[in-house]
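Chain by chain, the residues:
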Amino acid sequence: MYNNFDVVVIGSGPAGYVSAIRAAQLGMKVACIEKWRSSNGVSVHGGTCLNVGCIPSKALLDSSHKYSDALNKLDSHGITLGAVKMDIAAMMGRKDKIVSQLTGGIGQLFKANNVTGLYGTAKLLSNKEVEFASHQGDESIIKASHIILAAGSVPIEIPAAPTDGDFIVDSTGALEFSSVPKRLGIVGAGVIGLELGSVWSRLGSEVVLIEALDEFLAVMDKDIAKESFKIFSGQGLDIRLGARVIETAVKAKKVNVTYQTMDEKQHKEVFDKLIVCVGRRPFIDNLLSPDCGISLDQRGNIVVNEQCETNIEGVYAVGDLVRGPMLAHKGSEEGVMVAERIAGHSAQLNYDVVPNVIYTHPEVASVGQTEAQVKASGRNYNVGVFPFAASGRALAADDSQGMVKMIACEKTDRILGCHIVGPSAADLVQQVAIAMEFGSSAEDLGMTVFGHPTLSEVVHEAALAVNGNAIHKVNRKRK
Ligand code: FAD
Ligand code: AMP
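Residues numbered from 1 in each chain as written. Chains lettered and ligands numbered in written order. Predicted model: local features only at pLDDT ≥ 70, side-chain atom pairs only at ≥ 80, totals over all residues. Heavy atoms only, no water.

## Points about the overall build of the chain
- If you tally the helices and strands in the chain, you get 13 helices and 21 strands.
- A compact globule built from 479 residues should have a C-alpha radius of gyration of about 23 Å, and the chain, at 24 Å, falls within 12% of that.
- In terms of overall dimensions, the chain has C-alpha extents of about 70 × 60 × 50 Å along its principal axes.
- Of all 479 residues assigned to the chain, the portion counted as buried reaches 51%.
- Looking at the chain alone, contacts between residues at least 24 apart form 61% of all its contacts between residues at least 6 apart. (Helix = DSSP H or I, 4+ residues; strand = E, 2+ residues; numbered from the N terminus. Rg over C-alpha atoms; globule rule 2.2 N^0.38 Å. Buried < 20%, exposed > 50% of the residue type's maximum accessible area, 1.4 Å probe, protein only. Contact = heavy atoms within 4.5 Å.)

## Some thoughts on the environment of Leu237
- Within the fold, Leu237 resides in the loop between helix H7 (222–234) and strand E10 (238–240).
- Note: C-alpha distance between Leu237 and Glu269 (32 residues apart in sequence) is 15 Å.
- Apart from residues no more than four positions distant in its own chain, Leu237 is found in contact with Leu194, Gly197, Ser198, Ser201, Val207, Leu209 and Phe232.

## Focus on the layout of surface pockets
- The calculated volume of the second largest pocket comes to roughly 670 Å³.
- Lining of the second largest pocket is provided by 27 residues; of these, His65, Ser68, Asp69, Lys73 and His361 occupy positions nearest its centre.
- Contributions of two or more residues to the lining of the second largest pocket are made by helix H3 (54–72), helix H6 (191–202) and helix H10 (392–396).
- Looking at the lining of the second largest pocket residue by residue, the class counts come to six nonpolar, 13 polar and eight charged. (1 Å grid on protein atoms, 1.4 Å probe; cavity = no way out; pocket = protein on both sides within 12 Å on 5 of 7 lines; lining within 4 Å. Points joined across faces, edges and corners; volume = space filled by probe spheres on them. Nonpolar A, V, L, I, M, F, W, Y, C, P; charged D, E, K, R; others polar.)

## Re helix H1 (residues 14–25)
- Here H1 contains twelve residues, and its C-alpha end-to-end distance of 16 Å stays within 8% of the 16 Å for a straight helix at 1.5 Å per residue.
- Of all twelve residues making up H1, ten are buried, and the element is well covered by its neighbours.
- Gly27 occupies a position one or two residues after H1 and carries a positive phi of about 95°. (Expected span 1.5 Å × (residues − 1).)

## What to know about the packing of H3 against helix H4 (residues 88–112)
- Orientation of H3 relative to H4, taken along the N-to-C sense of each, is 145°, at an axis distance of 9 Å. Note that H3 runs across H4; the crossing there is right-handed. Taken together, the residues of H4 that come into contact with H3 (itself represented by Ile55, Pro56, Ala59, Leu60, Asp62 and Ser63) are Met91, Met92, Arg94, Lys95, Ile98, Val99 and Leu102.
- Residue composition of the contact of H3 with H4, grouped by class: nine nonpolar, one polar and three charged. (Axes fitted to C-alpha atoms, helices over the stretch in contact; angles between N-to-C directions. Left-handed = near helix turned anticlockwise from the far one by under 90°.)

## Description of the site of ligand 2
- Around ligand 2 lies a shell of 15 residues, among which Val191, Ile210, Glu211, Ala212 and Val245 are the nearest.
- At 3.1 Å from a nitrogen atom of ligand 2 is found a main-chain nitrogen or oxygen belonging to Ala212.
- Val245 is positioned such that a nitrogen or oxygen atom in its backbone is 3.0 Å from a nitrogen atom of ligand 2.
- Alone, ligand 2 offers 510 Å² of accessible surface; in the complex the protein occludes 74% of this.
- Looking at the shell around ligand 2 element by element, the count peaks at three residues for strand E11 (residues 243–251).
- Of the residues belonging to the shell around ligand 2, the class tally is ten nonpolar, three polar and two charged. (Near = heavy atom within 4 Å. Polar contact = N/O pair within 3.5 Å; in protein donor to acceptor, adjacent residues only side chain to side chain. Areas by Shrake-Rupley, 256 points an atom, 1.4 Å probe, with all protein chains shown as cover.)

## Section: the side chain of Glu195
- For Glu195, the location among the structural elements is in helix H6.
- In this structure the side chain of Glu195 is engaged in a polar contact, spanning 2.8 Å, whose partner is the side chain of Lys58.
- Filtering out sequence-adjacent residues up to four positions away, Glu195 remains in contact with Ser57, Lys58, Leu61, Val357, Ile358, Tyr359 and Thr360.

## A few points about the domain arrangement of the chain
- For the chain, the domain assignment lists domain 1 (5–154 + 281–342), domain 2 (168–278) and domain 3 (356–466).
- Put simply, the middle of domain 1 and the middle of domain 2, counted by C-alpha atoms, are 27 Å apart.
- With 15 residues of domain 1 at the interface, the matching set in domain 2 holds 13 residues.
- Taking both sides of the interface into account, the surface hidden between domain 1 and domain 2 amounts to around 1,200 Å²; carbon and sulfur atoms contribute 67%.
- For domain 1, the biggest contributors to the area lost against domain 2 are Val52, Leu61 and Ile88; these three give 35% of the whole.
- Inspection of the region where domain 1 meets domain 2 yields two salt bridges.
- When the shortest N-O distance is used, the salt bridge between Glu176 and Lys95 registers 3.3 Å. (Domains from an automatic or database assignment. Buried area = accessible area lost by both parts, 1.4 Å probe. Salt bridge = Lys/Arg side-chain N within 4 Å of Asp/Glu carboxyl O.)

The structure is reproduced here in structure tokens:
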């Protein structure tokens, strides 16, 4: 039996555990309930992000990048290696160690902040009560003044390609392959498909991405998407657009895939493994009792307002369960906002400035509006573009593909968006996110001193280019 809490958080992913810690820091008595068990049956905090998402994928992206550099890139620096060998078990072991280090770290943070971490399944009842079934098998009802739902998301399954945990897998399965598939198919050329495709392509798989839409990275700025397509295709990723997977069958240890193109023609491919990466859906299975009264939208998201309040007073929802991009940092900041508002502060997340990154190499990153969105808003604007090929630092690192594109309001010069494909794009776009948060103009960034030689200079030059003042390229003539 548990005493009453000021706040009960359901889910300890980046949205849940961060809200629990922040609420406890603000003096509240907090419990955070988590049902996740790792593949060896151990109860763990951290959710998708730490266990099967952001962290393990980046561990494998970094390992595979180093392998690929050792194979292909060092010669140009005058470094010759002997035979480069790959040890997949060691690579996976390194990834698993990082995951346990970080998931264990949440337990320590909970302890240090007096958050009661509970392992088991929670269900929201009416009257701000939560039914808790612990992993030990006992059941209880926990009462709370405030409840934060942070149950996250799970991969979407499609009838055309049901996962079998062996030949047809989702993103979680693709982080666990014990050998490199010779021929690897990926359904969906979105963020996760591109990241996992990059990992296995660098390790030697022949990768084919089959994407239903006829536009590559439709949510990204068009110029950046076009440049990214060129770069990834050049790396050997075979990206087929306007191609919808309609049937799969596993025969003789091979996956036979049928996909249909826009002209209604059917095509066949045979793979050793198939990864299904067609998006994620809110994880509301068994989370809500029928009489809890929480409203859902058509996509299964819990309906919330800008402050993450649901339609039930005192019940909040954050992270992948609610509208907006399914990103760890968006969920964490929603968690902080909700904890602070419960404590009586007037916190508000700025949804206009949430960076979005694809951790390929080079990375693709964006913040704010795309050119198409600015155009659709009817605002006049200026665009500044600068290529990494003109950056001394990028050339010195032999890593000079891509460009920065910055968009600013014509009237006020305020930065409206920045889109990058290039080395360290994730960290570079963050510089612009900070500037945008402070309401910076392109001229403000142009007047800022950037260290030389750094990749940041490409952002500086793009900001200068917005008003036709770039130094290291010929500026477009203004009207
Ligand atoms: P989750 O992390 O999904 O956590 C929810 C938790 O709630 C889970 O642990 C679940 O077990 C628990 N739970 C659910 N129901 C109950 C219940 N009834 N009782 C108790 N507990 C429950 N995002 C980024 O920002 N950057 C990246 O680089 C990135 N890479 C990714 C790579 C991959 C392969 C994947 C799959 C995702 C990636 N994401 C990335 C997305 C990111 O992981 C999610 O946006 C993020 O984890 C969402 O956080 P959350 O706290 O809302 O939910
Ligand atoms: P994301 O939303 O970034 O995870 O990307 C998922 C991608 O999968 C989207 O671009 C979808 O268009 C794509 N997709 C969904 N269903 C199919 C399908 N049956 N065949 C091919 N691609 C698909």
